[in-house]
Amino acid sequence: MSKSITLSTGASVPVIGLGTWKSKPGEVTAAVKYAIDVGYRNIDCAFVYGNEKEVGEGITAKVEDGTVKREDLFVTSKLFNSFHRKDLVCQTLQESLQNLNLDYLDLYLMHWPMGYKEGGPTIPKDENGKTIYSEADYMDAWQGMEDCVDEGLVKAIGLSNFNSKQIQRVLDNGRIKPVMLQVEVHPYLNQQPLIDFCHERGIAVTGYSPFASPDRPWAKPGEPELLEDPKIKAIADRLGKSTAQVVLRYSIQRGVIVIPKSVTPARIKQNFQVFDFDLSDDDIQVISGFDRTFRACHVSWVSDHKYYPFHEPF
């Protein structure tokens, strides 16, 4: 099993990366440094996570001490919804670069297809607490991202949380083809139709929230907990692995890049130790049977946006 996937640009992406959503600024620098020490070369960031400066400090420390060169790393960031107006895109990317202390990104993703009102708070809200939307079309933002490639700020661009119809619209109307789709993928939301759609079009897939994001801020009591599932525990026990390792391996064997988030050294290390075992076809079939279209990151509070992606089957 290869430890990397080749993009349509020819660039190589490690199949396991460090996620940084919900990693607190005080903890993420140490997590990035430790992850690089144990072998991670794929770091996933985003403007809206509010911790890119600290991620950058971790990367800088490991480049300066000679552990890695910048070109050894694959660093991703994301354009947030309140910067979809074309003239805002490159300057927003430059702000991420400044925070990360980098000259370029390997990949820049449009975080969501929905645009929010520009020029105010990152998540603008009216007096009733409702998110205020923008008139900007995600194709405007895509053109801005294409400009970022032309300016040498980023090597490749892609999408996140887009459905198949929205992806096809970008393919049909864009000048530069998206190389990556990042979406929620785990056994409760296995996304096979969307993964097939992307792979058939030469678009790689990164799965976020590989453990179904048990620490998501809006979790409700009684919702399923993937890593406690007895069927996964049985497979893990048989293989002498943790349930987290089994779940990560499941996605990797389906050709999906995974970006588990952790700030705990033991877990960061354990999550990376997924290359010394294989799941059998039977194991894959058992885990694929978990699919219940359970979406942890549904952002249902903006489901009335005209570009909300999750009304489509995939």
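Quick summary incoming for the structure in this document. (Residues numbered from 1 in each chain as written. Predicted model: local features only at pLDDT ≥ 70, side-chain atom pairs only at ≥ 80, totals over all residues. Heavy atoms only, no water.)

Counting secondary structure elements, the protein chain contains 10 helices and 10 strands. Relative to the compact-globule value of 20 Å for 314 residues, the protein chain shows a C-alpha radius of gyration of 19 Å, a close match. With respect to the principal axes defined by its C-alpha atoms, the protein chain has extents near 55 × 45 × 40 Å. Within the protein chain, buried positions represent 55% of all 314 residues. Restricting to contacts in the protein chain with at least 6 residues of sequence separation, those with at least 24 account for 75%. When the accessible area of the protein chain is evaluated, it comes to approximately 13,400 Å², of which 48% is carbon and sulfur surface. In the protein chain, which carries 35 positive and 42 negative side-chain charges, the distance between the mean positions of the two groups comes to 3 Å. (Helix = DSSP H or I, 4+ residues; strand = E, 2+ residues; numbered from the N terminus. Rg over C-alpha atoms; globule rule 2.2 N^0.38 Å. Buried < 20%, exposed > 50% of the residue type's maximum accessible area, 1.4 Å probe, protein only. Contact = heavy atoms within 4.5 Å. Areas by Shrake-Rupley, 256 points an atom, 1.4 Å probe, with all protein chains shown as cover. Lys, Arg positive; Asp, Glu negative; His and termini not counted. Charge placed at Lys NZ, Arg CZ, Asp CG, Glu CD.)

At a minimum axis distance of 10 Å, the contact between helix α7 (residues 230–239) and helix α10 (residues 281–288) shows a crossing angle of 160°. By the criterion of interaxial angle, the relationship of α7 to α10 is roughly antiparallel. Between α7 and α10 lies a crossing of left-handed hand. In contact with K231, I235, R238 and L239 of α7, α10 contributes D283, V286 and I287. Class assignment of the residues belonging to the contact of α7 with α10 gives a composition of four nonpolar, no polar and three charged. (Axes fitted to C-alpha atoms, helices over the stretch in contact; angles between N-to-C directions. Parallel < 35°, antiparallel > 145°, perpendicular 65-115°, else oblique. Left-handed = near helix turned anticlockwise from the far one by under 90°. Nonpolar A, V, L, I, M, F, W, Y, C, P; charged D, E, K, R; others polar.)

Within the structure shown, the criterion is met by 16 salt bridges. Between D65 and K62 there is a salt bridge whose closest N-O contact spans 2.7 Å. Judged by relative accessible area, K62 falls into the buried class, the value being 8%. Taking the shortest distance from any N to any O, the salt bridge between D106 and R70 comes out at 2.9 Å. One end of the pair, D106, is in the loop between α3 (86–100) and β6 (107–110); the other, R70, is in the loop between α2 (52–64) and β5 (74–79), with 36 residues separating them in the sequence. (Salt bridge = Lys/Arg side-chain N within 4 Å of Asp/Glu carboxyl O.)

The subject of this paragraph is the pairing of β5. The buried count for β5 comes to six of six residues, which makes it a mostly enclosed element. Judged by which residues are buried, β5 turns out to be covered on both faces: F74, T76 and K78 on one side and V75, S77 and L79 on the other are all buried. Following the backbone out of strand β4 (residues 42–44), through α2 and into the adjacent parallel β5, one traces a crossover that is right-handed. As paired strands, β5 and β6 are joined by four bridges and run parallel to one another. Paired with S77 across the bridge in β6 is Y108. For the crossover from β5 across α3 to β6, the handedness is right-handed. (Right-handed = clockwise from strand over helix to strand, strands pointing away. Pairing = 2+ DSSP bridges.)

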